[in-house]
Amino acid sequence: MTAVTNDIRYVGVNDHKIDLFEGQYIVPNGMAYNSYVILDEKIAVADGVDGAFGDEWIENIKTATGGKAPDYLIVHHMEPDHSASIEKFVEAFPNAKIVSNAKSFAMMENYFSFPLEQKKITVQNGETLSLGTHSLTFIFAPMVHWPEVMTSYDSKDKVLFSADAFGKFGALDAEEDWDCEARRYYIGIVGKFGAQAQALLKKAAELDIEIICPLHGPVLKENLAHYIEKYNIWSSYEVETKGVMIAYTSVYGNTKKAAGLLCEMLKKRGCPKAFTVDLAREDMAEAVEDAFRHEKLVLATTTYNGQYFPFMKHFIDHLTEHNFQKRTVAFIENGSWAPTAAKLMKADLEKCKNLTFCENTVTVRSAVKEETVAALEKLAQELWA
């Protein structure tokens, strides 16, 4: 098993069978379900794995411990991709205690039928569990991203077991950019709960952390400042990249043409990054990630069945439910007889906080004409003076 430190071993698994994480997020490079063993006078296992990999996980634990039975299973998070294997652990190590908080144990009773009362050790926020030379201090992190979530800090090796915080998509044997897949994971999975993630970051700032062990993605050992900076940007909804994203849907190509013209106008005006996204073809999670990443957003779509085009509706629903905020938004609408898409999109986005709406709205009457180009020029000037 992979050594994290002299006393901590990685015993997680890679899942290359999965195609959609949580039934919705495309994961072309699979997923990692991370678990760790702390070897000391008492042996603790930090978290489980998805139920389909329970047998592999148990064998990994036995290899890491040299066949010794663990004393504790620490449950930081009860989501099934980490907890579905708990019953398998209980069967393999019947004398081990399960360490978690009251909310986790209430959920555990929902998932499992084995008797818990004699096995559980309920901890409080700030409480410490001694393993010998290692002591774990439990730091509760409610709503990052479930209400029972907690993290723990090992003061000896200066390790933060961070639950789903600092996680990413992708199996550990896949080479891919951390920022991109961690951003997509954060926005999709945790993004609504920025205030709670900020609270965890403030608690973490008080600790001397040298290693972060998340439940998904690689163990983070080097350049921790980079990962913490990214997490701070994402969870505070600040702009990560200067530029304009133009998200569009187009039935016959006219709205697409308007979006493309605006994109070229912005580039000519010196916008460092201007790009278009076809919401009917782009992975929706990628599109949402890009909207949160960039400074300004243009939404271009058609009036459709008295509303606006379904892919755009789906996109805006994702933005509002993930707490989209602190951005500038502009609209391009298309309609042959009663264009109302801009008005309707704006009404839906008014649920969000701290959005600035551009004064110029472009209305395309079926096809792009000279007056459309002139209106696009005005909007380009407003977006990037």
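In the block above lies the structure referred to throughout.
Here's a quick rundown of the structure. (Residues numbered from 1 in each chain as written. Predicted model: local features only at pLDDT ≥ 70, side-chain atom pairs only at ≥ 80, totals over all residues. Heavy atoms only, no water.)

Turning next to the pattern of salt bridges. Counted according to the given criterion, the structure contains 18 salt bridges. Here Asp55 makes a salt bridge to Lys88, at a shortest N to O gap of 3.0 Å. Residue Asp55 is located in helix α1 (residues 54–65), and its partner Lys88 is located in helix α3 (residues 86–92); the two are separated by 33 residues in the primary sequence. Lys313 is the salt-bridge partner of Asp348, the closest N and O atoms lying 2.8 Å from each other. Placement of Asp348 in helix α11 (residues 341–349) and of Lys313 in helix α10 (residues 310–321) is noted, with a sequence separation of 35 residues between them. Take Lys313: its relative accessible area is 26%, and that puts it in the partly exposed class. Among the charged side chains, a network of salt bridges with common partners joins Glu181, Arg184, Asp283 and Glu286. (Salt bridge = Lys/Arg side-chain N within 4 Å of Asp/Glu carboxyl O. Helix = DSSP H or I, 4+ residues; strand = E, 2+ residues; numbered from the N terminus. Buried < 20%, exposed > 50% of the residue type's maximum accessible area, 1.4 Å probe, protein only.)

Here we come to the environment of Lys120. Position of Lys120 relative to the elements: it lies in strand β11 (residues 120–122). Lys120 gets classed as partly exposed once you look at its relative accessible area, which sits at 24%. Taking the C-alpha atoms as reference, Lys120 lies 7.5 Å from Ser100; in sequence the two are 20 residues apart. With sequence-adjacent residues up to four places away left out, Lys120 is seen in contact with Ile98, Phe105 and Glu109. (Contact = heavy atoms within 4.5 Å.)

A separate point is the sheet that holds strand β13 (residues 135–140). Within a sheet, neighbouring strands are paired by backbone hydrogen bonds and run either parallel or antiparallel to one another. Taken in spatial order, the five strands of this open sheet run β12-β13-β14-β15-β16, and their pairing is mixed. Of all the strands in the sheet, just β12 (128–130) and β16 (211–213) have a single pairing partner and so form its edges. Shown here is a sheet whose adjacent strand axes are inclined to one another by a mean of 20 degrees, direction ignored. The sheet contact formed by β12 and β13 spans three bridges and is antiparallel. (Pairing = 2+ DSSP bridges. Axes fitted to C-alpha atoms, helices over the stretch in contact; angles between N-to-C directions.)

This part takes up the sheet that holds strand β9 (residues 72–74). As summarised here, the arrangement of the seven strands in space is β1-β2-β7-β8-β9-β10-β11, forming an open sheet in which the pairing is mixed. This sheet does not close on itself; its edge strands, each paired only once, are β1 (2–3) and β11. Bridge analysis of β9 against strand β10 (residues 97–100) gives three bridges, and the strand direction is parallel. In the sheet register, Leu73 faces β10, and the bridge partner there is Ile98. Each of β2 (8–10), β7 (36–38), β8 (44–46) and β9 is contacted by α1, which is oriented at about 30 degrees to β7, the strand it contacts most. In this fold helix α4 (residues 102–111) packs onto β10 and β11, with an angle of close to 125 degrees to the strand it touches most, β10.

Turning our eyes to something else, we now look at helix α7 (residues 224–235). Taking 1.5 Å per residue as the helical rise, α7 with its 12 residues ought to reach 16 Å, and the 16 Å between its terminal C-alpha atoms agrees with that figure. Of all the positions in α7, only Leu224, Tyr227, Lys230, Tyr231, Ile233, Trp234 and Ser235 are classed as buried. Elements that come into contact with the buried residues of α7 comprise α5 (178–190), α6 (194–205) and β16. Positive backbone phi, approximately 60 degrees, marks Tyr237, located one or two places after α7. (Expected span 1.5 Å × (residues − 1).)

Looking now at the pairing of strand β17 (residues 241–248). Every other side chain in a regular strand lies on the same face of the sheet, so the side chains alternate between the two faces. Taken across its eight residues, β17 has seven buried, putting it largely inside the fold. Note: β17 against strand β19 (residues 294–304), six bridges, orientation parallel. Looking at the pairing, Met245 lines up with Leu297 of β19. Sheet topology note: the β17/strand β18 (residues 274–278) ladder contains five bridges and is parallel. Bridge assignment links Val244 to a residue of β18, and that residue is Ala274. As a crossover connection, the stretch from β17 through helix α8 (residues 254–268) into β18 is right-handed. (Right-handed = clockwise from strand over helix to strand, strands pointing away.)

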